[in-house]
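# Reading the structure
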Amino acid sequence: MSKDMIVAKMTRECDDLATRYWELAASSRGQAYENWLKKISQVSDIIEKNRLQSCYFSSNRLESANNNAFKRVARSKSNKSNRKVTKKSDLNL
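Remember, it's a predicted structure, so these values are computed and weren't measured experimentally.

In terms of helices and strands, the chain carries three helices and two strands. Going from N to C terminus, the chain has its helices and strands arranged as α-α-β-β-α. The 93 residues of the chain split such that 16% are buried. When contacts within the chain are restricted to residue pairs at least 6 apart in sequence, long-range pairs at least 24 apart make up 41% of them. Of the accessible surface of the chain, which amounts to about 7,500 Å², a share of 53% is contributed by carbon and sulfur atoms.

Between its terminal C-alpha atoms helix 1 (residues 3–23) stretches 30 Å, which fits the 30 Å expected from 21 residues at 1.5 Å a residue. Where helix 1 is concerned, the buried positions are Val7, Met10, Cys14 and Leu17. For helix 1, the angular spread of buried residues about the axis comes to 80 degrees, placing them on one side. The exposed set on the far side of helix 1, more than 90 degrees from its buried face, consists of Trp22 and Glu23.

Our focus in this paragraph is the packing of aromatic side chains. Counting across every chain of the model gives two aromatic pairs. Centroid distance Tyr21 to Trp22: 5.0 Å. Interplanar angle 85 degrees. Geometry classified as edge-to-face. Looking at Tyr21, the relative accessible area reads 21%, which means it is partly exposed. Given the relative accessible area of 60%, Trp22 is considered exposed. The ring of Tyr21 carries Arg29 above its face, with NZ or CZ at 5.0 Å from the centroid.

The next subject is the pattern of salt bridges. Inspection of the entire model under this criterion finds two salt bridges. Between Glu13 and Lys9 there is a salt bridge whose closest N-O contact spans 2.8 Å. On the criterion of helical spacing, the pair formed by Glu13 and Lys9 is a turn pair, its members being four residues apart in helix 1. In this structure Glu13 comes out as partly exposed when scored by relative accessible area, which is 23%.

With that settled, the discussion passes to a nonpolar patch on the surface. A cluster of nonpolar side chains, namely Met1, Met5 and Ile6, defines an oily patch on the protein surface of about 330 Å² accessible area. Among the secondary structure elements, Ile6 is positioned in helix 1. Exposure remark for Ile6: the relative accessible area of 31% places this residue in the partly exposed category.

Quick notes on the rules
Residues numbered from 1 in each chain as written. Predicted model: local features only at pLDDT ≥ 70, side-chain atom pairs only at ≥ 80, totals over all residues. Heavy atoms only, no water. Helix = DSSP H or I, 4+ residues; strand = E, 2+ residues; numbered from the N terminus. Buried < 20%, exposed > 50% of the residue type's maximum accessible area, 1.4 Å probe, protein only. Contact = heavy atoms within 4.5 Å. Areas by Shrake-Rupley, 256 points an atom, 1.4 Å probe, with all protein chains shown as cover. Expected span 1.5 Å × (residues − 1). Arc of directions from axis to C-beta. Phe/Tyr/Trp six-rings, centres within 6.5 Å; stacked < 30°, edge-to-face > 60°. Lys NZ or Arg CZ within 6 Å of the ring centre and 35° of its normal. Salt bridge = Lys/Arg side-chain N within 4 Å of Asp/Glu carboxyl O. Patch = residues over 30% accessible without salt bridge, like charges linked within 9 Å, V, L, I, M, F, W, Y side chains within 5 Å.

Laid out in structure tokens, this is it:
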């Protein structure tokens, strides 16, 4: 199973655990909260591990930073952001 499929599956499991939490009576939510928190921690660990391996999440998919199309899109977004910052700083002079 690919990494993005694993993350998607685990995210759905987190959603299911959150739904179960809200369906329980207030006095019974402690264990449900701990289960949800444990699952969230697992998902965030996977995402962090993959981020460190030069992979990025884009449009709900995990993509390699070595993908030329992905680099072009990232560069384009960065250039747009830089232009906005420049325009704002010009106004503050």
